[in-house]
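Each chain is listed here by its residues.
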Amino acid sequence: MSKINMGNFFEDFSIGQKIVHPLPRTISDGDVSLYIAFTGSRFALHSSDVVAKEMGYDKKPIDDVLMFHLTFGKSVQDVSLNAIANLGYAEMSFPNPVYVGDTVSMTSTVIGLKENSNGKSGVVYVHSIGVNQNGAVVLNFKRWVMVHKKDHSTLSGVNEVPTFAKTTPIADVINIPTIKTVDTDSTGGKYFFEDYVQGERLNHPEGITIDNSDHTLATKLYQNNAKVHFNDHMMKSTPMGQRLMYGGIIISMARAISFNGLQNAQWMYAINSGAHANPTYAGDTIYAYTEVVETIEVNREDIGLLRLRTIALKNQTPKEIENPKSEDGKYLPNVVLDLDYTVVIPKKKTEKK
Amino acid sequence: MSKINMGNFFEDFSIGQKIVHPLPRTISDGDVSLYIAFTGSRFALHSSDVVAKEMGYDKKPIDDVLMFHLTFGKSVQDVSLNAIANLGYAEMSFPNPVYVGDTVSMTSTVIGLKENSNGKSGVVYVHSIGVNQNGAVVLNFKRWVMVHKKDHSTLSGVNEVPTFAKTTPIADVINIPTIKTVDTDSTGGKYFFEDYVQGERLNHPEGITIDNSDHTLATKLYQNNAKVHFNDHMMKSTPMGQRLMYGGIIISMARAISFNGLQNAQWMYAINSGAHANPTYAGDTIYAYTEVVETIEVNREDIGLLRLRTIALKNQTPKEIENPKSEDGKYLPNVVLDLDYTVVIPKKKTEKK
Amino acid sequence: MSKINMGNFFEDFSIGQKIVHPLPRTISDGDVSLYIAFTGSRFALHSSDVVAKEMGYDKKPIDDVLMFHLTFGKSVQDVSLNAIANLGYAEMSFPNPVYVGDTVSMTSTVIGLKENSNGKSGVVYVHSIGVNQNGAVVLNFKRWVMVHKKDHSTLSGVNEVPTFAKTTPIADVINIPTIKTVDTDSTGGKYFFEDYVQGERLNHPEGITIDNSDHTLATKLYQNNAKVHFNDHMMKSTPMGQRLMYGGIIISMARAISFNGLQNAQWMYAINSGAHANPTYAGDTIYAYTEVVETIEVNREDIGLLRLRTIALKNQTPKEIENPKSEDGKYLPNVVLDLDYTVVIPKKKTEKK
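Keep in mind the model is a prediction, meaning the values are calculated, not measured.

Next up on the list: the overall build of chain A. Scanning chain A from N- to C-terminus turns up eight helices and twelve strands. Taken over C-alpha atoms, the radius of gyration comes to 20 Å for chain A, in line with the 20 Å a tight globule of 353 residues would show. Counting only residues that meet the buried cut, chain A has 62% of its 353 residues in that class. Across chain A, every contact between residues at least 6 apart in sequence was considered, and the portion connecting residues at least 24 apart equals 79%. In the form shown here, chain A has an accessible surface area of approximately 12,400 Å², with 50% of it arising from carbon and sulfur atoms. Distance between charge centroids for chain A: 4 Å, based on 35 positive and 38 negative side chains.

Membership of the largest hydrophobic core comes to 186 residues, with the highest contact counts inside it found for A:L139, A:Y222, B:M67, B:L139, B:Y222, C:L139 and C:Y222. If near-sequence neighbours (up to four positions away) are discounted, B:Y222 is found in contact with B:R25, B:Y35, B:F38, B:L66, B:H69, B:L70, B:G73, B:K74 and B:Y246.

With that settled, the discussion passes to the interface of chain B and chain A. With 35 residues of chain B in contact, the opposing surface of chain A contributes 46 residues. Of all residues in chain B, B:K3, B:K220 and B:H233 give up the largest surface area on contact with chain A, accounting jointly for 23% of the area buried on that side. Our count for the chain B to chain A interface comes out at three salt bridges. Two residues, A:D211 and B:R243, come together in a salt bridge whose shortest N-O distance is 3.0 Å.

Another aspect to go through is the relation of the copies chain B and chain C. Overlaying chain B on chain C yields an RMSD of 0.0 Å, the required transformation being a rotation through 120 degrees with an accompanying axial translation of 0.0 Å. Look at the turn and shift together and you get a three-fold axis relating the two. Every residue of chain B has its C-alpha some distance from the rotation axis, and the shortest such distance is that of B:G30, at 2.2 Å. A share of only 9% of interface residues in chain B that are also interface residues in chain C marks the association as one of differing surfaces.

Among the structural elements, C:N231 can be located in the loop between α6 (212-221) and α7 (232-235). For C:N231, a relative accessible area of 2% corresponds to the buried category. Ignoring anything within four residues of it in the chain, the contact list for C:N231 reads B:G207, B:T209, B:T285, B:Y287 and C:R243.

For these two chains of identical sequence, chain B goes onto chain A by a turn of 120 degrees and a shift of 0.0 Å along the axis, with RMSD 0.0 Å. The fraction of interface residues of chain B whose copies in chain A are also interface residues is only 11%, indicating that the copies meet through different surfaces.

Turning to the packing of aromatic side chains, a few remarks are in order. All chains considered together, the criterion is met by 27 aromatic pairs over all chains. Ring centres of C:F68 and C:F72 lie 5.1 Å apart, and the angle between their planes is 20 degrees; on these two criteria the pair is classed as stacked. Highlighted residues: C:F68 and C:F72, both in helix α3 (residues 64-72), separated by four residues, approximately one helical turn. The exposure class of C:F72 is buried, given its relative accessible area of 9%. Both rings, one in C:Y222 and one in C:Y246, keep their centres 6.4 Å apart while their planes meet at 65 degrees; by these two values the pair is edge-to-face. Highlighted residues: C:Y222 in the loop between α6 and α7 and C:Y246 in the loop between α7 and α8 (247-257), separated in sequence by 24 residues. Summarising the burial analysis for this pair, C:Y222 and C:Y246 share the class buried. Here a set of aromatic residues connected by ring pairs shows up, and it is made of A:F68, A:F72, A:F141, A:Y222 and A:Y246. Here A:R201 stacks its cationic end above the ring of A:Y289, 3.6 Å away from the centre of that ring. Lying over the aromatic face of C:Y331, C:K325 brings its terminal NZ or CZ to 4.9 Å of the ring centre.

Before going further, it helps to spend a moment on the interface of chain B and chain C. Taken together, the 46 residues of chain B in the interface contact 35 residues of chain C. For the pair chain B and chain C, the two sides together bury roughly 3,300 Å², of which 55% comes from carbon and sulfur. Summed over the shared surface of chain B and chain C, the result is three salt bridges. The salt bridge involving C:K220 is made with B:D214; its shortest N-O contact spans 3.7 Å. Counting across the interface, chain B meets chain C through 21 residue pairs in polar contact (both at pLDDT 80 or more). Elements that contribute at least two residues to the side of chain B that touches chain C include exactly α1 (29-39), α2 (49-55), α5 (184-187), β8 (201-209), α6 (212-221) and β10 (285-296) of chain B. Taken together, the residues that form the side of chain B that touches chain C break down as 15 nonpolar, 20 polar and eleven charged.

Time to look at the packing of helix α1 (residues 29-39) of chain A against α1(B). One way to put it is that α1(A) packs onto α1(B) with a least axis distance of 7 Å and a crossing angle of 60 degrees. Considering the angle they form, α1(A) stands oblique to α1(B). Considering the relative orientation of α1(A) and α1(B), their crossing is right-handed. Contacts from A:D29, A:G30, A:S33, A:L34 and A:A37 in α1(A) reach B:G30, B:D31 and B:L34 in α1(B). Residues that form the contact of α1(A) with α1(B) fall into these classes: three nonpolar, three polar and two charged.

Moving on, we come to α6(C). Spacing of three or four residues puts side chains on the same side of an α-helix, whose turn is 3.6 residues. Residues and elements named next belong to chain C. With nine of ten residues buried, α6 lies mostly within the body of the structure. Among the residues of α6, those classed as buried are S213, D214, H215, T216, L217, A218, T219, K220 and L221. Downstream of α6 by a residue or two, Q223 has a phi angle that is positive, lying close to 55 degrees.

The subject of this paragraph is the side chain of C:S128. All names here are of chain C. With respect to the secondary-structure elements, S128 resides in strand β5 (residues 121-131). A residue is classified by how much of its surface remains accessible, and S128, at 1% relative accessible area, is buried. Reaching out from S128, the side chain makes a polar contact with the side chain of S108 at a distance of 2.6 Å. Residues contacting S128, with those up to four places away along its chain left out, are M106, T107, S108, L139, N140 and F141.

A few words on the environment of C:V110. Residue and element names in this part refer to chain C. As for its position among the elements, V110 is in strand β4 (residues 103-115). According to the relative accessible area criterion, V110 is buried, its value standing at 1%. Along the primary structure V110 and L23 are separated by 87 residues, whereas in three dimensions their C-alpha atoms are 20 Å apart. When residues no more than four places from it in sequence are discounted, the contact partners of V110 are F13, S14, I15, G16, Q17, I19, V124, Y125 and V126.

Below, the discussion takes up the pairing of strand β12 (residues 335-346) of chain A. Residues and elements named next belong to chain A. For β12, the tally of buried residues reaches twelve of twelve residues, placing the bulk of the element in the interior. Across seven bridges, strand β9 (residues 267-275) lies against β12 in antiparallel orientation. Bridge assignment links S273 to a residue of β12, and that residue is D340. The sheet contact formed by strand β11 (residues 303-314) and β12 spans eleven bridges and is antiparallel. From the neighbouring strand, R307 faces β12, where its bridge partner is T342.

The next thing to look at is the domain arrangement of chain A. All names here are of chain A. Per the domain assignment, the segments making up chain A are domain 1 (1-27 + 62-164) and domain 2 (165-353). With centres defined by C-alpha atoms, the gap from domain 1 to domain 2 works out at 22 Å. Contact residues are listed per partner, giving 25 residues for domain 1 and 27 residues for domain 2. For the domain 1 and domain 2 pair, buried surface summed over both sides reaches about 2,100 Å², with 55% attributable to carbon and sulfur atoms.

Positionally, C:D214 belongs in helix α6. C:D214 gets classed as buried once you look at its relative accessible area, which sits at 3%. Taking C-alpha positions, C:D214 is 9.2 Å from C:T39, a pair spaced 175 residues apart along the chain. Excluding its chain neighbours within four sequence positions, the residues that come into contact with C:D214 are A:S213, A:T216, A:L217, A:K220, C:F38 and C:T209.

Under the defined criterion, the tally for this structure stands at 57 salt bridges over all chains. In this structure, A:R309 and A:D338 form a salt bridge, with 2.7 Å as the shortest nitrogen-oxygen distance. Highlighted residues: A:R309 in strand β11 and A:D338 in strand β12, separated in sequence by 29 residues. Judged by its relative accessible area of 23%, A:R309 is partly exposed. One salt-bridge network, held together by shared partners, links A:D211, B:D232, B:K236 and B:R243.

What counts, and at which threshold
Residues numbered from 1 in each chain as written. Chains lettered and ligands numbered in written order. Predicted model: local features only at pLDDT ≥ 70, side-chain atom pairs only at ≥ 80, totals over all residues. Heavy atoms only, no water. Helix = DSSP H or I, 4+ residues; strand = E, 2+ residues; numbered from the N terminus. Rg over C-alpha atoms; globule rule 2.2 N^0.38 Å. Buried < 20%, exposed > 50% of the residue type's maximum accessible area, 1.4 Å probe, protein only. Contact = heavy atoms within 4.5 Å. Areas by Shrake-Rupley, 256 points an atom, 1.4 Å probe, with all protein chains shown as cover. Lys, Arg positive; Asp, Glu negative; His and termini not counted. Charge placed at Lys NZ, Arg CZ, Asp CG, Glu CD. Core = buried A, V, L, I, M, F, W, Y, C linked by side-chain atoms within 4.5 Å. Buried area = accessible area lost by both parts, 1.4 Å probe. Salt bridge = Lys/Arg side-chain N within 4 Å of Asp/Glu carboxyl O. Least-squares fit on C-alpha atoms with pLDDT ≥ 70 in both. Phe/Tyr/Trp six-rings, centres within 6.5 Å; stacked < 30°, edge-to-face > 60°. Lys NZ or Arg CZ within 6 Å of the ring centre and 35° of its normal. Polar contact = N/O pair within 3.5 Å; in protein donor to acceptor, adjacent residues only side chain to side chain. Nonpolar A, V, L, I, M, F, W, Y, C, P; charged D, E, K, R; others polar. Axes fitted to C-alpha atoms, helices over the stretch in contact; angles between N-to-C directions. Parallel < 35°, antiparallel > 145°, perpendicular 65-115°, else oblique. Left-handed = near helix turned anticlockwise from the far one by under 90°. Pairing = 2+ DSSP bridges. Domains from an automatic or database assignment.

Dropping the structure here:
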């Protein structure tokens, strides 16, 4: 049995350890089409070379969330195959665009370890960096997962917990071409950076139902091999009773649904934090609403940033929910994602007249 | 809420109004593979560069029906998001071939408006033209949809109804390369233009069952965001009780199923008219039969046209049905499509000896 | 009805008859992405141009099993559309690699015929050869199927049964580039040819559940039109009561699942024999284990061969099964594939230090 990779346990990690994740992935037009089929995403920048060129690109870049899934998926077998829970992520950024034909790969460094007092498990903190074939960083984030211990009887007492910035720091240079022209007839949205105000709420009207084939095809495409998403036979004997949807599916759906109201915010700049508040299963219909947390001026005349909070719901429309948490601070049962992220959006001066 | 696009209502349209639909789409090999996966389509011209070159193309063109979906889907959010019913289409033509890498987009002009006497809704008639990145027309059609009015208390009395040709006019020039050679070993069919006779009926033997993931993945790929196809949560509270399949799915299935008997008719020239006679839902098995309505000689020695009527059925084989309508002129309950269209088919002189 | 291809019956075949299968297929990046989505396959050679180049290729080759499906699917309509059972295959080899953009097609020669004594059916033996656009052989195998007779009253007495080698002969030249470097950080596996021993058993831990959309999308992508896989309406009136999964789906799943333990065995060299021991249906979860039957030295310093036997199971984990057959020699009810095949695997000297 020794040739089988059963994943790492808490004792297998050490502070400073570097893990090169296998399976560099060359991203293709097939991945892009499948992503549109999975999500219905309608951001014009990722659908049209003509639109991308008009904006200032050589060709259409890959949707950042798709790139995230294709890169992140490879870390599952090393970091979270024996995870009890994916607890969180922080300081995520997308420093450079990725295009069809690029090959992405990822390396993680262990930056924290905290044994749980019950001796049965512990939390592992990693800093993961994804690069393209030229070594340019395309994904950068920290995450922490609770994993099983092999030995429940020995306590190591390790307790090194890193601290994280509340929001991903904004770099001096934003690696997006100077935006020449935004044709609102093409993007489908007429609102620019200056049109959004802090505290504004957008109730996105679309709801999209996810079936078993949808989410398992996507998760397999990402080569994410966490068993809970694929193995119905195994899951039937768990309290869930069925396959659990990969949380990244919900991030993608929420982002795609947010198109209606944010059509020109076609770039993810950062994910500041995220909580998968409740599980989702096949048959659930995903809705979403977005709050503008902050409007951020950067040192560029063509673009600004919006810090957003998108709440994804299952089987409940946004207008039915005022606040995602109840008075005791717990998420309501239909809330499935609380995502704090930052997007790039052009300013009015880029509008095609 | 003002940034949310809730679609247009009857009062939002005016005669002569021009609507530029968003989301130009660059068509990729990923779209082509997904289309084959959705439909099982086996037309060799669209599957093989080798076959396409032998026929006289530089490379394989995109299946016309796939191109239609990718172009048409973008008009939903402007024209039919608030549609009560998609009533019909006419004079549809596919004037130029489309290839992988081409970017298609569409514009519609309002050519008719008819308020319903109940004051609650009206019919909007549009003329839609799809072009590629060079401005060449690749899709041209008229359609009419019934949409809700915002104001039910005021009657405008508008009643401008355009007239349509019964069949799409046949152009003097058909933009298909001169067909050099058709290798029937490659196309899988040995019948040419001269072999078909008016009144002939082809009972296609294949039946294909459609599941929820199939049709929703396809409709999302087409970036068609009509809610009825995606949102099971919403549809459960309607008389349908479940997601309604996009009518275009049935056109695609009927066309793919018609391969067996029409293997060399690899081009859609026109859709003269079509009726989605009954709804289809996940789990339905689609069958089809085709009648040759007319054989049409054009001013070319290599090709002719066949005007066809393909009837798609659900959960019933073609041989069980003589006529799609009952004596009172209504469609039988298992008839789901009545499509009157015209295809290009090579003449015998092109056959590889 | 004469234009409809109803497939061939036993009487339509004759010894020495050559059948050119239609639908040459140009393989695209879309097919490759869909294959990963269907199977979750993680072999780095087929996922990454960077890995492929480092190994000694110009670019990533197509997974052999995907190529098999895209080529094989075309023979269904000529050979097995009226099959009662696909009985077996032998001497299958993959003599040359295939890349995106290649066009594959196939020809079969009838090499055997055996009428069944009941007069109602017979067994047809064919030798099928797939080639790329340059005529290089990419697939070579023999298979036999039981097909219906048209005339049940006349006995021809034909009984010409070919003999097959127990294993596919190993060619003097193996058309795989000299393997320069295997980076085990990229491939995800650290074991090479020398690490495997005869009799070793690998219990692969992954289990993957297959749904109706998964397997029908795949089989349609392969343009395999055997009705039993697609037509739920027809199948409901059979003892199976539902759509039967294409056996090739299970070969693909077993191969993808075998990654964990065989990460560096990225090439199929041959399939010696295979038995689809029991049917699989939507909802089944596939597991697999592999036994090393033989380790084979060839006349190359960079690679060796492993003859493997992979047993695929439904809804049962490998550790629950010692032997796939019971004492009476019959397959256990949860065994769905018994595949005897040979893979190429690099030797230790290729390992990147």
